[in-house]
2 protein chains.
Amino acid sequence: MIVVVGGGPAGRFAAVRLGNAGREVTLVEKGEIGGQCLNYGCMAVCALNDAARHVQRGREFAAAGILTGASEICFSALLAGMDNVQEKIRGVLDQETKDAGVEIRYGSAARLDGRQVFIDGEEIEADAVVVATGSVPAVPAVAGVSLPGVHTAHTLPQMEDLPGDLVIVGGGVQAAEFAYIFSMFGSRVTVLARSAFLKGLDPRLRRLALKELADVEIREGAPLDRVVGSERVEDVGYGGSEPGTCRADAVLLAAGLVPNTAMIEGVEKGPNGEVRVNDRMETSVKGVYAAGDVTGGPFLTPVARLQGVVAAENILGIDRRFDLAAVPQSISLANDLAFCTAGGGGGIDLSVPAPAGPGSFWSVLAGDTGLGKIRVDRESGEIRGVWAASPGAGIIATYMADAIRHRRTVHELDGLLEVHPIADGVHGLIGHAASLLRDRPKE
Amino acid sequence: MIVVVGGGPAGRFAAVRLGNAGREVTLVEKGEIGGQCLNYGCMAVCALNDAARHVQRGREFAAAGILTGASEICFSALLAGMDNVQEKIRGVLDQETKDAGVEIRYGSAARLDGRQVFIDGEEIEADAVVVATGSVPAVPAVAGVSLPGVHTAHTLPQMEDLPGDLVIVGGGVQAAEFAYIFSMFGSRVTVLARSAFLKGLDPRLRRLALKELADVEIREGAPLDRVVGSERVEDVGYGGSEPGTCRADAVLLAAGLVPNTAMIEGVEKGPNGEVRVNDRMETSVKGVYAAGDVTGGPFLTPVARLQGVVAAENILGIDRRFDLAAVPQSISLANDLAFCTAGGGGGIDLSVPAPAGPGSFWSVLAGDTGLGKIRVDRESGEIRGVWAASPGAGIIATYMADAIRHRRTVHELDGLLEVHPIADGVHGLIGHAASLLRDRPKE
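Not measured: the values here are computed from a predicted model.

1. Re the overall build of chain A
Along its length, chain A carries 10 helices and 25 strands. The globule rule puts the C-alpha radius of gyration for 443 residues at 22 Å, and the 23 Å found for chain A is close to it. Principal axes of the C-alpha set define a box for chain A whose edges measure 65 × 65 × 45 Å. When burial is assessed residue by residue, chain A has 60% of its 443 residues classed as buried. A separation of at least 24 residues holds for 65% of the contacts in chain A among residues at least 6 apart in sequence. For chain A, the computed accessible surface area is about 16,900 Å², with 49% contributed by carbon and sulfur atoms. Charge-centre separation for chain A: the mean point of 41 positive side chains lies 5 Å from the mean point of 55 negative side chains.

Now the structure itself:
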């Protein structure tokens with residue numbers, strides 16, 4: 001029997017792969033299936049973002065006189081509806097997992113000590129173990145952080161009302177995504193970023209992000225210092241070179257994730273508690289594998305899923321390696337701001353505004369349809385990077401990531417025919433780059 | 001000097017390519033730049049569809065109690081806004097064309113007689129000619145078809161009010177797209193299809209289309225017979241095995257396009273008047289090229305553009321051929337219903353419901369997130385076809401069309417990492433197909 005600990009993307013994909021291969025698998029999930037991704041992460045952001053984008057588009061139509069009357073989001077109904085959809089998806093995942101022959105033990109707690117596995121305190125004989133316990137939100141150790149009104153993504157569904165003043169703590173993707181959502185819903189949003197906001201993001205995409213977050217007050221170099229209030233949060237204090245305070249009806253901690261490894265002992269761990277693995281997802285203990293967030297960043301569902309599959313295939317005796325090359329990523333604001341890069345030096349950067357297409361036609365009114373940008377190696381024509389801002393840019397980055405991973409060239413991709421219209425500035429750049437490289441004088 | 005006749009996608013791309021290569025180019029455009037695509041076709045449908053999708057999503061949110069209050073589309077403001085956006089895009093295209101050094105002669109009429117070109121009646125000395133005069137809507141020769149209230153896509157922007165009862169004539173993509181739009185805006189829509197509706201479309205996609213057009217009355221085998229009215233259209237009569245009539249405040253003719261070749265003489269034409277070309281886009285007359293709709297179907301902007309580039313490059317002495325393989329297409333309803341196939345026999349079909357992702361999270365409430373489907377050759381693992389229904393499915397089909405064209409295999413694409421969440425059922429099927437083919441017993 002194989003024990004998989006954790007029913008998030010990594011654990012579930014590992015369990016299903018093993019079950020489909022005919023192995024006896026027990027999946028231990030102390031809470032609900034789907035992990036953070038479905039319950040508090042990707043899908044929750046998607047749910048709220050879809051509503052926020054609807055609100056924004058509605059305002060744009062209204063401003064142009066195209067939409068008459070007024071409508072407003074009911075925040076509590078939105079959260080209830082989100083849970084309704086998540087429950088349906090949990091049902092699908094549960095069924096899909098059981099259909100693969102996996103036994104799911106809900107509400108059970110698993111503990112690992114080296115090669116020994118315990119479920120609800122009872123030791124279990126296991127041929128192999130996959131540790132996929134995921135991660136939990138990082139909670140800064142400051143005064144007042146336990147006051148009512150201070151949330152993480154995990155408790156956000158219990159917010160009763162839309163906060164008038166919301167302080168979001170964090171400077172990364174999650175902070176940006178929640179800032180967009182709540183500012184569209186009508187909260188006054190302040191973001192406190194410990195260092196720079198969206199640090200490391202391509203400057204063009206970052207400028208677009210700041211434009212799409214025009215209503216959000218962003219304070220950089222402003223680490224959370226304390227949360228103040230008598231019954232519940234009232235104010236938030238921050239440090240840095242210009243310390244200050246801000247009013248808050250609610251605080252949302254969006255300052256990253258930490259591997260969830262309290263119940264995992266006897267395997268080698270890294271400095272943040274992450275379980276150390278090699279590219280077969282093997283831990284330091286033979287027969288014990290780990291996959292997903294518990295192994296430390298990049299905390300992305302597709303990475304976790306693939307790591308789960310890699311762990312499972314190695315258990316099945318298939319030699320499969322995990323390679324963290326060319327992972328596409330995206331930030332969901334008004335547009336998807338998506339990107340994927342490969343290592344390896346310079347190249348020519350080409351960029352254009354994204355054309356008007358499905359979901360972006362009316363963005364032309366505001367003079368902004370997004371961005372397409374590619375980086376191409378001068379000599380080989382290989383595509384080294386892609387950046388896209390538009391509706392559906394996550395899809396562009398997904399398929400272009402494959403081109404980057406396979407070192408495909410603009411010459412090979414030249415002549416790409418799109419479905420027209422398309423809100424994609426990237427595809428057109430490929431032919432343009434191919435012409436440029438063909439026509440340029442040989443050095 | 002090179003004369004390009006027509007400023008639509010084919011003519012403009014030819015002119016820009018030639019201009020960028022340093023050639024002297026005159027582009028003759030009797031109306032407005034951008035052709036049908038921008039002014040009456042793709043972009044107009046996109047504009048109206050974006051608004052229709054907004055209306056539909058608003059209704060879904062309202063039904064779930066998430067959106068309170070009511071808002072309504074103001075049809076005349078929508079048409080005015082659309083023209084506003086189109087005008088901005090015309091400005092961009094005009095500038096881009098001039099930036100390539102192309103002289104544009106607006107409002108001029110060109111005429112061709114074999115190798116002789118006339119602009120406003122005056123013969124012009126041209127080193128080469130590109131005929132890109134496009135196409136015009138097919139207008140059935142029936143009684144009453146000239147009555148006020150009978151429109152094509154070209155006159156749709158002059159519709160004063162949203163029709164209460166709208167009859168759409170046609171059974172193809174354009175008829176389906178307008179049916180979705182007007183039914184979402186609140187018209188009672190009847191579609192009269194001469195034979196079957198969306199004939200030839202993959203059955204799964206067709207079922208989804210019919211579901212998304214649930215409010216539309218579709219009559220198949222019902223060819224337009226006559227339009228009846230005193231001052232303007234009042235009724236529409238149709239023939240077929242069960243002839244009948246229906247009330248109409250307006251009629252929209254969406255029954256296809258015919259090549260626009262009245263002013264083109266002395267070159268070989270086909271049975272529908274289309275200018276005959278070879279794969280270099282050469283006509284029967286040396287030095288005269290043709291590209292785009294004027295050469296006959298498939299009446300798609302990306303095809304027209306690429307044909308324009310192919311014509312231009314052959315004029316420049318670059319031997320480039322046009323190949324109509326693996327052209328991706330899409331129908332814009334509530335979802336994009338997109339597809340791309342390659343010829344060549346059977347294969348394994350795999351399909352799944354599309355997952356919830358950007359733009360489709362709330363579709364889970366109605367139990368429908370769309371579709372992903374691929375066809376894979378059993379022996380080689382080559383991808384032979386893709387079908388996708390979801391927001392952004394046009395982007396999926398665009399990039400998968402490249403995979404199909406290059407005969408890439410599921411094994412090569414296995415391990416594709418997506419941006420999560422993604423409303424794409426296709427990417428996940430690739431890994432699934434790769435496992436299936438790997439695991440299956442060798443015969």
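The discussion continues.
2. Details of the relation of the copies chain B and chain A
It takes a turn of 180° to lay chain B on chain A, together with a shift of 0.0 Å along the axis; the resulting RMSD is 0.0 Å. Each copy turns onto its partner about a two-fold axis. Most of the interface of chain B is mirrored in chain A: 100% of its interface residues are interface residues there too.

3. Some remarks on the interface of chain B and chain A
Listed per partner, the contact involves 81 residues of chain B and 81 residues of chain A. Considering only the surface of chain B that becomes buried against chain A, Phe361, Tyr399 and Leu417 of chain B emerge as the three largest contributors, covering 12% of it. Summed over the shared surface of chain B and chain A, the number is 6 salt bridges. Across the pair Arg305 of chain B and Glu418 of chain A runs a salt bridge, and its minimum N-O distance is 2.8 Å. The interface formed by chain B and chain A includes 23 residue pairs in polar contact (both at pLDDT 80 or more). Looking at the side of chain B that touches chain A, the elements with two or more residues in it are helix 3 (42–63), strand 3 (67–73), helix 4 (75–99), helix 7 (301–315), strand 21 (329–332), helix 8 (393–405), helix 9 (410–413) and helix 10 (426–439) of chain B. Looking at the side of chain B that touches chain A, the element that brings in the most residues is helix 3 of chain B, giving 11 residues. Where strand 3 (residues 67–73) of chain A lies against strand 3 of chain B, 7 bridges are found, and the strand directions are antiparallel. The residue bridging Leu67 of chain A from the neighbouring strand is Ile73 of chain B, located in strand 3 of chain B.

4. Observations concerning the sheet that holds strand 1 (residues 2–5) of chain A
Residue and element names in this part refer to chain A. As summarised here, the arrangement of the 5 strands in space is 4-2-1-8-20, forming an open sheet in which the pairing is parallel. In this open sheet, the two strands that pair with only one neighbour each are strand 4 (102–106) and strand 20 (288–290). Pairwise comparison of adjacent strand axes, ignoring direction, gives a mean angle of 20° for this sheet. Pairing geometry for strand 1 and strand 2 (residues 25–29), over 4 bridges, is parallel. Across the sheet, the residue bridging to Val5 is Val28, located in strand 2. Against the sheet, helix 1 (residues 9–20) contacts strand 1, strand 2, strand 4 and strand 8 (128–131), and its axis sits at roughly 165° relative to strand 2. In the packing of helix 4 (residues 75–99) onto the sheet, contacts are made with strand 2 and strand 4, and the angle to strand 4 comes to roughly 135°.

5. A short note on the packing of aromatic side chains
Two numbers describe a pair of aromatic rings. These are the distance of the centres and the angle of the planes. Residue and element names in this part refer to chain A. Under the definition given, this model contains 12 aromatic pairs over all chains. Note on Phe182 and Phe185: the rings are 6.4 Å apart at their centroids and 70° apart in plane angle, and the pair reads as edge-to-face. In this pair, Phe182 and Phe185 are both assigned in helix 5 (residues 173–185), 3 residues apart and thus about one turn of the helix distant. Joined through ring pairs, the aromatic side chains of Phe75, Phe178, Phe182 and Phe185 make up one cluster. One Lys or Arg, Arg111, reaches over the ring of Phe118 and ends 4.4 Å from the middle of that ring.

6. What to know about the sheet that holds strand 22 (residues 336–341) of chain A
Within a sheet, each strand pairs with its neighbour through backbone hydrogen bonds, oriented either parallel or antiparallel. All names here are of chain A. Within the open sheet, the 5 strands sit side by side as 21-22-25-24-23. Their pairing is antiparallel. Two strands lie at the open edges of the sheet, namely strand 21 (329–332) and strand 23 (348–353), each paired on one side alone. Here the strands of the sheet are splayed against their neighbours by 10° on average, with no regard to which way each runs. Two elements, strand 22 and strand 25 (residues 383–390), share 6 bridges in a ladder whose sense is antiparallel. If you follow Phe339 over to strand 25, its bridge partner there is Trp387.

7. Details of the pairing of strand 24 (residues 371–376) of chain B
All names here are of chain B. The element strand 24 is extensively covered by neighbouring structure, given that 5 of its 6 residues are classed as buried. As judged from the 6 bridges shared by strand 23 (residues 348–353) and strand 24, these two strands associate in the antiparallel manner. Across the sheet, Asp349 pairs through a bridge with Arg375, a residue of strand 24. Hairpin connection from strand 24 to strand 25 (residues 383–390): 6 residues lie between these consecutive antiparallel strands, with Gly381 at a positive phi of about 80°.

8. Points about helix 1 of chain A
Residues and elements named next belong to chain A. End to end, helix 1 covers 16 Å across 12 residues, agreeing with the expected 16 Å (1.5 Å per residue, within 8%). Taking burial as the measure, the 12 residues of helix 1 include 10 buried ones, the bulk of the element. For helix 1, every residue scored as buried is listed here: Pro9, Ala10, Gly11, Arg12, Ala14, Ala15, Val16, Arg17, Leu18 and Gly19.

9. Observations concerning the domain arrangement of chain A
All names here are of chain A. Domain annotation for chain A reports domain 1 (2–137 + 258–315), domain 2 (150–255) and domain 3 (329–438). Between domain 2 and domain 3, the C-alpha centre-to-centre distance is 30 Å. For the pair domain 2 and domain 3, the summed buried surface comes to about 1,300 Å²; carbon and sulfur atoms form 66% of the total. If you sort the residues of domain 2 by the area they bury against domain 3, Arg204, Leu205 and Glu212 come out on top, with a joint share of 39%. Joining domain 2 to domain 3, the criterion identifies 1 salt bridge.

10. Focus: a negative patch on the surface
Residues Glu24, Glu103, Glu123, Glu125 and Asp127 of chain A make up a contiguous surface patch of negative charge. Its place among the elements puts Glu24 of chain A in the loop between helix 1 and strand 2.

11. Brief notes about the pattern of salt bridges
Here the structure, examined in full by the defined rule, presents 60 salt bridges over all chains. Glu382 of chain A is the partner of Arg407 of chain A in a salt bridge, and the nearest nitrogen-oxygen pair spans 3.2 Å. Taken together, the residues span a long stretch of sequence, with Arg407 of chain A in the loop between helix 8 (393–405) and helix 9 (410–413) and Glu382 of chain A in the loop between strand 24 (371–376) and strand 25 at a distance of 25 residues. By relative accessible area, which is 13% here, Glu382 of chain A ends up buried. The partner of Arg188 of chain B in a salt bridge is Asp165 of chain B, with the nearest N and O atoms 3.0 Å apart. Of the two residues, Arg188 of chain B sits in strand 12 (residues 188–192) while Asp165 of chain B sits in strand 11 (residues 165–169), which places them 23 residues apart along the sequence. Look at Arg188 of chain B and you get exposed, because its relative accessible area is 53%.

12. Quick look at the packing of helix 3 of chain B against helix 4 of chain B
Residues and elements named next belong to chain B. The N-to-C vectors of helix 3 and helix 4 enclose an angle of 135°; their axes lie 10 Å apart at closest approach. The orientation of helix 3 relative to helix 4 falls into the category oblique. The way helix 3 lies across helix 4 gives a crossing that is right-handed. Seen from helix 3, the contacting residues are Met43, Ala44, Ala47, Leu48 and Ala51; seen from helix 4, they are Leu78, Leu79, Met82, Gln86 and Ile89. Broken down by class, the residue content of the contact of helix 3 with helix 4 amounts to 9 nonpolar, 1 polar and no charged.

13. What about the state of the cysteines?
Residue and element names in this part refer to chain A. One pass over the structure, following the stated rule, counts 0 disulfides over all chains. Counting only cysteine sulfurs, Cys46 is the nearest neighbor of Cys74, a cysteine outside any disulfide, at a range of 20 Å. What makes Cys74 partly exposed here is its relative accessible area of 25%.

14. Concerning helix 10 of chain B
Across its 14 residues, helix 10 of chain B extends 20 Å between first and last C-alpha, which sits within 8% of the 20 Å expected from 1.5 Å per residue. For helix 10 of chain B, the full list of buried residues reads Val426, His427, Leu429, Ile430, Gly431, Ala433, Ala434, Ser435 and Leu437 of chain B. As for helix 10 of chain B, its buried residues are in contact with helix 8 of chain A together with strand 23, strand 24, strand 25, helix 8 and helix 9 of chain B.

Quick notes on the rules
- Residues numbered from 1 in each chain as written.
- Chains lettered and ligands numbered in written order.
- Predicted model: local features only at pLDDT ≥ 70, side-chain atom pairs only at ≥ 80, totals over all residues.
- Heavy atoms only, no water.
- Helix = DSSP H or I, 4+ residues; strand = E, 2+ residues; numbered from the N terminus.
- Rg over C-alpha atoms; globule rule 2.2 N^0.38 Å.
- Buried < 20%, exposed > 50% of the residue type's maximum accessible area, 1.4 Å probe, protein only.
- Contact = heavy atoms within 4.5 Å.
- Areas by Shrake-Rupley, 256 points an atom, 1.4 Å probe, with all protein chains shown as cover.
- Lys, Arg positive; Asp, Glu negative; His and termini not counted.
- Charge placed at Lys NZ, Arg CZ, Asp CG, Glu CD.
- Least-squares fit on C-alpha atoms with pLDDT ≥ 70 in both.
- Buried area = accessible area lost by both parts, 1.4 Å probe.
- Salt bridge = Lys/Arg side-chain N within 4 Å of Asp/Glu carboxyl O.
- Polar contact = N/O pair within 3.5 Å; in protein donor to acceptor, adjacent residues only side chain to side chain.
- Pairing = 2+ DSSP bridges.
- Axes fitted to C-alpha atoms, helices over the stretch in contact; angles between N-to-C directions.
- Phe/Tyr/Trp six-rings, centres within 6.5 Å; stacked < 30°, edge-to-face > 60°.
- Lys NZ or Arg CZ within 6 Å of the ring centre and 35° of its normal.
- Expected span 1.5 Å × (residues − 1).
- Domains from an automatic or database assignment.
- Patch = residues over 30% accessible without salt bridge, like charges linked within 9 Å, V, L, I, M, F, W, Y side chains within 5 Å.
- Parallel < 35°, antiparallel > 145°, perpendicular 65-115°, else oblique.
- Left-handed = near helix turned anticlockwise from the far one by under 90°.
- Nonpolar A, V, L, I, M, F, W, Y, C, P; charged D, E, K, R; others polar.
- Disulfide = S-S within 2.5 Å.

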